[in-house]
Amino acid sequence: MYGLKKEWEIEAPARECVLEDYVGAEARWCPGCGDHAVLSTVQRLARDLQLPPEKTVVVSGIGCSSRFPHYMKTYGFHGLHGRALPVAEGVRARRPDLSIFVVTGDGDCCAIGTAHWIHAIRYNMNITILLLDNNVYGLTKNQTSPTSRLGEKSNTQPQGSFFAPLNPISVVLGIANASFVAQTVDWNPPHLYATIRAAHEHKGASFVRVLQRCPHFSSHIFAQAQDDFSQMLLMDHEAGVKLGQPIRGMFPNAVNHDPRDLNKARELADRTDVYPIGVFYRNDNASRYDTVTARGLETTRAEKLAAINGMFDKFAVQGRN
Amino acid sequence: MSSAVLSGTKAEIVTEHVIEIISDSGEGAQTCGQMFADLCAKNGNGIWTVEIIPAEIQPPSRSRAGASGYRIRLGSKPLTNAGDYADLVIAFNEQVLYSRIDSNALHGGTLLFVDKSWAENPDPGIRRKYTDAIADFRARGYVVTEVPIEQECRKFTDDPRKGKNMWVLGLLCATYDFDPSAIGAEIAKRFGRKGEASVKQNQALFSDGYDWALENVQHRFHVPAQKITTPMVVMNGNQALALGIMAAGIEVCSMYPITPATSASHFLASTIEQTGGIVHQAEDEIAAIGFAIGCSYAGKTAVTITSGPGLALKTEFLGYAVMAEVPLVVVVVQRGGPSTGLPTKVEQGDLFAALYASPGDSPKIVIAPATIEECFHFMITARKLAEDFRGPVMVLSDANLATGQKPFQRPELRESWLAPPVDQSPWDPEVPPYAWDAQTGLSRRPIPGQRGGEFVITGLAHDEESHIAYDSAINQRGMAMRSRKLAVLRSALKPPTVHGDPAGDLLVVGWGSTLGAIEEAVDRLRAEGLRVSSVHLRFLSPMEPGLREIFSKFGKVMTIEINYSDNVGDPFIYSDSRRYSQLAQLLRSETLVDVDCWSRVPGSPLPPGVIEAQLRERLAAVESAAKENA
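Rules used in this analysis
- Residues numbered from 1 in each chain as written.
- Chains lettered and ligands numbered in written order.
- Predicted model: local features only at pLDDT ≥ 70, side-chain atom pairs only at ≥ 80, totals over all residues.
- Helix = DSSP H or I, 4+ residues; strand = E, 2+ residues; numbered from the N terminus.
- Buried ≥ 20, exposed ≤ 12 C-beta atoms within 10 Å, placed from the backbone.
- Contact = placed C-beta atoms within 7 Å.
- Pairing = 2+ DSSP bridges.
- Axes fitted to C-alpha atoms, helices over the stretch in contact; angles between N-to-C directions.
- Domains from an automatic or database assignment.
- Nonpolar A, V, L, I, M, F, W, Y, C, P; charged D, E, K, R; others polar.
- Parallel < 35°, antiparallel > 145°, perpendicular 65-115°, else oblique.
- Left-handed = near helix turned anticlockwise from the far one by under 90°.
- Expected span 1.5 Å × (residues − 1).
- Core = buried A, V, L, I, M, F, W, Y, C linked by C-beta atoms within 7 Å.
- Right-handed = clockwise from strand over helix to strand, strands pointing away.

**Comments concerning the overall build of chain A**
When you go through chain A residue by residue, the secondary structure sums to eleven helices and eleven strands. C-alpha extents for chain A along the principal axes are approximately 85 × 75 × 40 Å. Considering chain A as a whole, with its 321 residues, one finds that 50% of them fall into the buried category. Here the analysis covers contacts within chain A between residues at least 6 apart in sequence; of these, 65% occur between residues at least 24 apart.

Right under this line is the structure:
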């Protein structure tokens, strides 16, 4: 440009994605559902990170929250109940270039999909896993979920839930090779955003449990915590969720927790007096299966044919002379 | 080689021989059999092999149920099945032989080589059982040679259980007039991992067995090999499947261990990296297919390999691949069912499961290789069909093909067999993700990375845009479009070739691994002038066209299957209440022809002689019915 030094030239970005580029069909969740907050957070995050929509895949299972991909304008995979994670692993296996989110619910992940959940954490492939946990089955109209509280009444256990709830964070912290475990709440958008952002930026399987209410069937469960922030315990650390001072100040209870400390993480996960939010645990050195599954992507066609021919040589019939 | 170097009796020239090596589990009879079969095939002989596998990992020794071994049908010409009766059986103990007698595997004059060390066992019970059995074998007309296998092995090892198989391999080489010089290197290859001492010991055992046989064996045979004019390879069906997967350019095999499918994945696990691919061992069968679908969706059509019980678990995802139109190759190596059934043994009972086991109407392509060679080539076809027709393709193999070894013409690999690179070019946003062609139902799919093609794939009823749509017209149309694809494929298929005359008294229909045995039985009867022909189906869905026309030229049509069917005459079983075997049911509904069946579930391949006897009976019935009518 005339009059400016060359290095001062500003190249207009070839493409700039705005929020609308990530907004798909109109979300059909009930008014007041926490899923809306997570959706707009992921859309904002995608915009802020300028994730190309065609290189972004949102994989889900079945349930209210699993409608999520339809409301994004990216590639989406609305799959089977409980089976989002194996699909996402398959997508990731040979596609290191994609950004992959999994959106799952407490029934989808912690009941019908439990086996996949445990192994997905162990495989530690680079996937952002969002567990939208409202303690109830909503889509099928009010059945007990694994995270329903003891005594909570539902259509399948009208006497009240028979069991103490499963704690998804404790479960994940017990799985070998876990690499990123966090918890946040739908009613604090800055914390929600910062947590999902930290999860996405982590290279590996990042597991985020989002505590939220179902306005129809579990509206009472986090009602007090929404008004009284002292019921939450902010886990604060430079290696955790990055928050500005004003946001930190919203939480009267905070603890400085180094997320590399697994034992401390487990202690915090087991607390029942408060809802700890932030990063419980992270291990940036955990081995990643997606580095294994992506091996050989550069193999040429000629190399493939030569290799197979070599294998055939070992089965060759020589002939009796 | 010439047999002049041999000092023993002169070898009798025969055109074929069936040999069995039978032992307790863990004594290595299968290794011995595989190595011998490999030697025969690599020398240019025709072979067909069968693994004889006990259902348990470590059944009690010296038990009938515990027989573990290997059958080799060895011939001058190419062979297509395991044959009828064994001509020569080597048994590491006399009790396991009874399981082969019970299975009707022996004939009157079968030569038996039995380890005679049991005659001197410290346990008087074992000594008596041995003596009784040998007397019994002779009374049954078998020609028994007592062989000091264990005594000879003790010259080289304190653990003869681990050495008998190489000693017997030597005995076989001498008995069948093979040049022993090539075996040394094969033993080194097999046992190299266990160290130099193990290689030397096994080579010594082999040589001793060879020398012992030359001096002592009265019956020696030479099966001339044909001159090989085209390059040939020899392998089993699971190895052929695995090579086919790689030659199709499939980069991901996602699996969960299950017998008898797993050996294909073992072979892939040790080779696929050379072609830039991976084997993913999932946490369960469901995850295995889910992972494969994820890969396919992201552009790399994947394969998942399983057997019956695994297929049962995969069916929800199979329906998803049909509904959402995701290319996918599913290999089912069938074993005996229902439930866990007969894990190591052959059956063709997963046909209906492959066709129908999924919620709702889920039309999918089902093909079945009939030979080991086809196990290779069908994988290339399967990937192409999966991508062109945008959905799952099921490939049904079985335990017989999986473990049988047979030589076939070495395929000339083509680059066009390999999957094309993943399309990442921009997608015209005006073209919906299911732009179903109104005539054919076919459509192209956007792949993640293609700008402008962003869409959400779903297993729910959906319109062309893949938007969830529950209204009746859209649902009806989606169903029609997915079904139409099968009709389109069918329109491109040729009617099957009739083996034998195109008209006659009896037509036999089969599918899968029974091809060789059915055709051999038909050929034997045709040589006698009987008017019988056969047809073998490779496409089960869509069904090959022209069957009604073919069937109309025959007095009677029947299937032969390794499947269950009721016998008319059993309590409560009448011709109108009888349950037919699966292919017969399918053909009856497909053609409205009164297709009969003869099917059994013996857990082993049907020998050609058994099929021949059944066909003879049916032909006689056709003839007497014709006489009555006349």
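On we go from here.
**Here we look at the environment of Val59(A)**
Residues and elements named next belong to chain A. Structurally, the position occupied by Val 59 is in strand β1 (residues 56-60). We classify Val 59 as buried; it has 32 C-beta atoms within 10 Å. Taking the C-alpha atoms as reference points, Val 59 and Val 103, 44 residues apart in sequence, are found 6.4 Å from one another. With residues up to four places along the chain from it excluded, the contact list for Val 59 reads Phe 77, Gly 79, Ala 84, Val 87, Ala 88, Val 91, Ile 100 and Val 102.

**Regarding the sheet that holds strand β15 (residues 392-398) of chain B**
Residues and elements named next belong to chain B. Pairing is mixed across the open sheet formed by seven strands, whose spatial order is β11-β10-β12-β13-β15-β14-β21. Taken across any chain shown, the strands that pair with only one partner, and hence form the sheet edges, are β11 (278-281) and β21 (539-541). Strand-to-strand twist across the sheet, computed as the mean angle between neighbouring axes with direction ignored, equals 25°. Summarising the sheet, strand β14 (residues 365-367) and β21 pair through two bridges and their orientation is antiparallel.

**Re the pairing of strand β9 (residues 232-236) of chain A**
Residues and elements named next belong to chain A. Within β9, four of the five residues are buried, leaving the element largely enclosed by the surrounding structure. Strand direction decides the pairing type here: β9 and strand β11 (residues 275-282), joined by three bridges, are parallel. Each residue of the ladder has a partner; that of Met 232, found in β11, is Tyr 275. Pairing between β9 and strand β10 (residues 254-256): three bridges, direction parallel. Counted as the bridge partner of Asp 236 is Asn 256 from β10.

**Some words on the domain arrangement of chain B**
All names here are of chain B. When cut into domains, chain B gives domain 1 (3-222), domain 2 (233-412), domain 3 (425-492) and domain 4 (498-629). Distance from the C-alpha centre of domain 1 to the C-alpha centre of domain 4: 36 Å. On the side of domain 4, ten residues touch domain 1, which itself brings seven residues to the contact. Residue composition of the side of domain 1 that touches domain 4, grouped by class: two nonpolar, four polar and one charged.

**Some details on the interface of chain B and chain A**
Contact with chain B, which involves 59 residues of that partner, is made by 48 residues of chain A. When contributions to the side of chain B that touches chain A are tallied by element, the ones reaching two or more residues are α1 (29-42), β9 (232-236), α8 (237-247), β10 (252-255), β11, α10 (285-297), α11 (308-324) and β17 (456-458) of chain B. For the side of chain B that touches chain A, the leading source of residues is α10(B), giving nine residues. A class-by-class count of the residues in the side of chain B that touches chain A yields 31 nonpolar, 17 polar and eleven charged. As defined by bridge partners, strand β2 (residues 75-78) of chain A adjoins β17(B) across three bridges and the pair is classed as parallel. Residue pairing for β17(B): His78(A) is matched across the bridge by Thr458(B).

**Considering the sheet that holds strand β6 (residues 106-115) of chain B**
Residues and elements named next belong to chain B. Read across the sheet, six strands follow the order β3-β4-β2-β5-β6-β7 without closing on themselves; strand pairing throughout is mixed. Bordering the open sheet on either side are β3 (46-52) and β7 (143-147), each of which pairs with just one other strand. Neighbour-to-neighbour, the strand axes of this sheet turn through a mean angle of 15°, independent of strand direction. With five bridges joining them, strand β5 (residues 86-91) and β6 adopt parallel strand pairing. Bridge pairing in β6 places Leu 88 opposite Leu 111. Against the sheet, helix α3 (residues 124-139) makes contact with β6 and β7, and its axis sits at roughly 150° relative to β7, the strand it touches most.

**Comments concerning the packing of helix α5 (residues 164-175) of chain B against helix α7 (residues 196-216) of chain B**
Residues and elements named next belong to chain B. At a closest axis distance of 6 Å, the pairing of α5 and α7 adopts a crossing angle of 40°. Taken together, the axis directions place α5 and α7 in an arrangement best described as oblique. The chirality of how α5 crosses α7 is right-handed. On α7, the residues touching Met 166, Trp 167, Val 168, Leu 169, Gly 170, Leu 171, Cys 173, Ala 174 and Thr 175 of α5 are Asn 202, Leu 205, Phe 206, Ser 207, Asp 208, Gly 209, Tyr 210, Trp 212, Ala 213 and Leu 214. Across the contact of α5 with α7, the residue classes tally to 13 nonpolar, five polar and one charged.

**Considering the environment of Pro252(A)**
Residues and elements named next belong to chain A. Turning to its location among the elements, Pro 252 is positioned in the loop between α8 (245-248) and β10. Sequence separation between Pro 252 and Val 181 is 71 residues; the distance between their C-alpha atoms is 23 Å. Setting aside chain neighbours within four positions, we find Pro 252 in contact with Phe 229 and Ser 230.

**Notes on α1(B)**
All names here are of chain B. Under the 1.5 Å per step criterion, the end-to-end length of α1 is 20 Å for 14 residues, consistent within 8% with the ideal 20 Å. Those residues of α1 that fall on the buried side of the exposure criterion are Ala 29, Gln 30, Cys 32, Gly 33, Met 35, Phe 36, Ala 37, Leu 39, Cys 40, Ala 41 and Lys 42. Positive phi shows up at Gly 44, right after α1, with a value of about 100°.

**Describing the nonpolar core**
Residue and element names in this part refer to chain A. Counting 263 residues, the largest nonpolar core has Leu 130 and Phe 280 as its most contacted members. In this view, Phe 280 contacts Ile 169, Leu 173, Val 181, Ala 182, Gln 183, Met 235, Pro 259, Ala 265, Leu 268 and Ala 269; residues no more than four positions away in its chain are not counted. One finds Val 136, Tyr 137, Cys 214 and Phe 217 within the second-largest nonpolar core, a separate group that totals five residues.

**Considerations on the pairing of strand β13 (residues 328-334) of chain B**
Residues and elements named next belong to chain B. Summarising burial for β13: seven of the seven residues are buried, a large majority. Residues Leu 328, Val 330, Val 332 and Gln 334 point to one face of β13 and Val 329, Val 331 and Val 333 to the other, with burial holding for every one of them. Bridge count between strand β12 (residues 303-306) and β13: four bridges; the pairing is parallel. Looking at the pairing, Ile 305 lines up with Val 331 of β13. Considered for its hand, the β-α-β crossover made up of β12, α11 and β13 is right-handed. As judged from the seven bridges shared by β13 and β15, these two strands associate in the parallel manner. Looking at the pairing, Leu 328 lines up with Pro 392 of β15.

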